[in-house]
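Chains, contacts and geometry: an overview
Listed below are the residues making up each chain.
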Amino acid sequence: MNKEEIIKISGEEKGPVSIILAGTHGDEVCGVEILEKILPSLKIEKGEVLFGFGNPLAIEKKERFVEANLNRMFKDESLLSEEEKSSYEYRRAQFLKKYLDRADALLDVHASFVAESEAFIICEPHSLKIADYLPFNTVLSGLDELQPGGTDYYMNKIGGSGICVECGFLGDPLSVQRAEKSVFSFLAARGHISGVLEPCAKSKILKAYKLYFTKTDKFRLAKPFKDFEKIAAGQVVGIDGKEEIKAQKDSIILFARDRDQSNDEAFLLAEILTGG
Ligand SMILES: [Zn+2]
């Protein structure tokens, strides 16, 4: 399967246009495997669906990205450095934008390298009408503001619904099952295929409020944090150079990692809106 090109499947009936991406991070293989498996025989009844492999070169190399994180290349031009703009991923983002522009809803399939990672959806509240049918109980919103530049951010910016699914730990076969179920429930929720729509209750809704960027080239976590671990107000999250970095309020922590560069994303804090 040529992973450079976008694959378009149209239905006989007129209907909405959607786009599904996998491999935006090249080493998150569950979505890539699913697209390879289903695309040769998939039938769409209504509207048009565009399928794409986000970062083909990184998929081939089994790496997250080659020169720059593709999922930060969709922010405003003025916020990208010259180095970023000369990257392979920047050029790939310009190519993908042409197709995102034609759709009004996006599903982007991701997963994690951390064992026991929780599966969840990243979307803003206006996309819950679709996300409600996806097989995940946890929703994280607020990322567009804190971490602009993803495919979902771009889709929201142009007035559509951008949804990312984090399918859990890649070493767990469930990640592939979740990816497959996400694709088919998204297609059904958008009316592209018929089938029973099963709502999946959202038991936990979180809003991200702080993305911490390192100030020095040595950030060390106080301890390893699992995604969605609870943090108390005043608790030390890590040491940045010599400064203790604390949570301002009771929070949930995500994507926490040691860093060796300044101005790098070190952790994300979210507040629980429902389902604490
Ligand atoms: Zn990812």
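Residues numbered from 1 in each chain as written. Predicted model: local features only at pLDDT ≥ 70, side-chain atom pairs only at ≥ 80, totals over all residues. Heavy atoms only, no water.

1. Some words on the overall build of the chain
- For the chain, the helix and strand inventory stands at eight helices and 14 strands.
- For a compact globule of 276 residues, the expected C-alpha radius of gyration is about 19 Å, and the chain comes in at 19 Å, within 12% of that figure.
- Projected onto its principal axes, the C-alpha coordinates of the chain cover approximately 60 × 45 × 35 Å.
- By residue count, 53% of the 276 residues in the chain fall in the buried class.
- Contacts in the chain between residues at least 24 apart in sequence constitute 73% of all its contacts with a sequence separation of at least 6. (Helix = DSSP H or I, 4+ residues; strand = E, 2+ residues; numbered from the N terminus. Rg over C-alpha atoms; globule rule 2.2 N^0.38 Å. Buried < 20%, exposed > 50% of the residue type's maximum accessible area, 1.4 Å probe, protein only. Contact = heavy atoms within 4.5 Å.)

2. Brief notes about the coordination of the zinc ion
- Those protein atoms acting as donors to the zinc ion are His25 (ND1), Glu28 (OE), Glu28 (OE) and His110 (ND1), and they sit at 2.1 to 2.4 Å.
- Between the four donor atoms coordinating the zinc ion, the angles at the centre fall across 56 to 147°, so the site counts as irregular.
- Sequence spacing of the donors to the zinc ion: H-x2-E-x81-H. No difference in accessibility class separates His25 from Glu28, as the two residues are buried. (Donors = N, O, S within 2.8 Å, 3.2 Å for Na, K, Ca; no water. Tetrahedral: all angles 85-135°; square planar, octahedral: opposite > 155°, others 65-115°.)

3. Points about the pairing of strand 6 (residues 138–141)
- Here strand 6 shows no split at all, with Thr138 and Leu140 on one side and Val139 and Ser141 on the other all buried.
- Note: strand 5 (residues 120–122) against strand 6, two bridges, orientation parallel. Each residue of the ladder has a partner; that of Ile121, found in strand 6, is Val139.
- Bridge analysis of strand 6 against strand 8 (residues 204–213) gives four bridges, and the strand direction is parallel. (Pairing = 2+ DSSP bridges.)

4. Some words on the sheet that holds strand 8
- Pairing within the open sheet is mixed, and its 11 strands lie in the order 1-3-2-4-7-5-6-8-14-13-10. Of all the strands in the sheet, the pair left with one neighbour each is strand 1 (7–10) and strand 10 (229–231). Ignoring strand direction, the axes of neighbouring strands in this sheet form an average angle of 30°.
- Summarising the sheet, strand 5 and strand 7 (residues 161–169) pair through three bridges and their orientation is antiparallel. Paired with Phe120 across the strands is Glu166, a residue of strand 7.
- Along the sheet, helix 1 (residues 29–38) makes contact with strand 2 (13–22), strand 3 (46–53), strand 4 (105–112) and strand 7, crossing strand 3 at roughly 130°.
- Most of the contacts of helix 4 (residues 88–100) go to strand 2, to which it runs at about 160°, and overall it touches strand 2, strand 3 and strand 4. (Axes fitted to C-alpha atoms, helices over the stretch in contact; angles between N-to-C directions.)

5. Examining the domain arrangement of the chain
- Along its sequence, the chain is organised into domain 1 (7–189) and domain 2 (210–274).
- Residue-level contacts link nine residues of domain 1 with nine residues of domain 2.
- Each partner contributes to the roughly 900 Å² buried at the junction of domain 1 and domain 2, and carbon and sulfur atoms together form 67% of this total.
- Connecting domain 1 to domain 2 are two salt bridges.
- The shortest N-O distance in the salt bridge between Glu116 and Lys226 comes to 3.4 Å.
- For the pair domain 1 and domain 2, the number of links is three residue pairs in polar contact (both at pLDDT 80 or more).
- Of all the secondary-structure elements, those providing two or more residues to the side of domain 1 that touches domain 2 are strand 6 and helix 6 (143–146).
- Looking at the side of domain 1 that touches domain 2 residue by residue, the class counts come to four nonpolar, two polar and three charged. (Domains from an automatic or database assignment. Buried area = accessible area lost by both parts, 1.4 Å probe. Salt bridge = Lys/Arg side-chain N within 4 Å of Asp/Glu carboxyl O. Polar contact = N/O pair within 3.5 Å; in protein donor to acceptor, adjacent residues only side chain to side chain. Nonpolar A, V, L, I, M, F, W, Y, C, P; charged D, E, K, R; others polar.)

6. Description of the packing of aromatic side chains
- Counted under the stated rule, the structure contains seven aromatic pairs.
- With 6.0 Å between their ring centres and 50° between their planes, Phe74 and Tyr154 make a pair best called tilted. In this pair, Phe74 is assigned in the loop between helix 2 (56–61) and helix 3 (82–85) and Tyr154 in helix 7 (residues 151–157), connecting sequence segments 80 residues apart. With respect to burial, Phe74 and Tyr154 carry one shared label: buried.
- An angle of 40° between the planes, with centres 5.8 Å apart, marks the rings of Tyr212 and Phe219 as tilted.
- With a relative accessible area of 0%, Phe219 lands in the buried category. (Phe/Tyr/Trp six-rings, centres within 6.5 Å; stacked < 30°, edge-to-face > 60°.)

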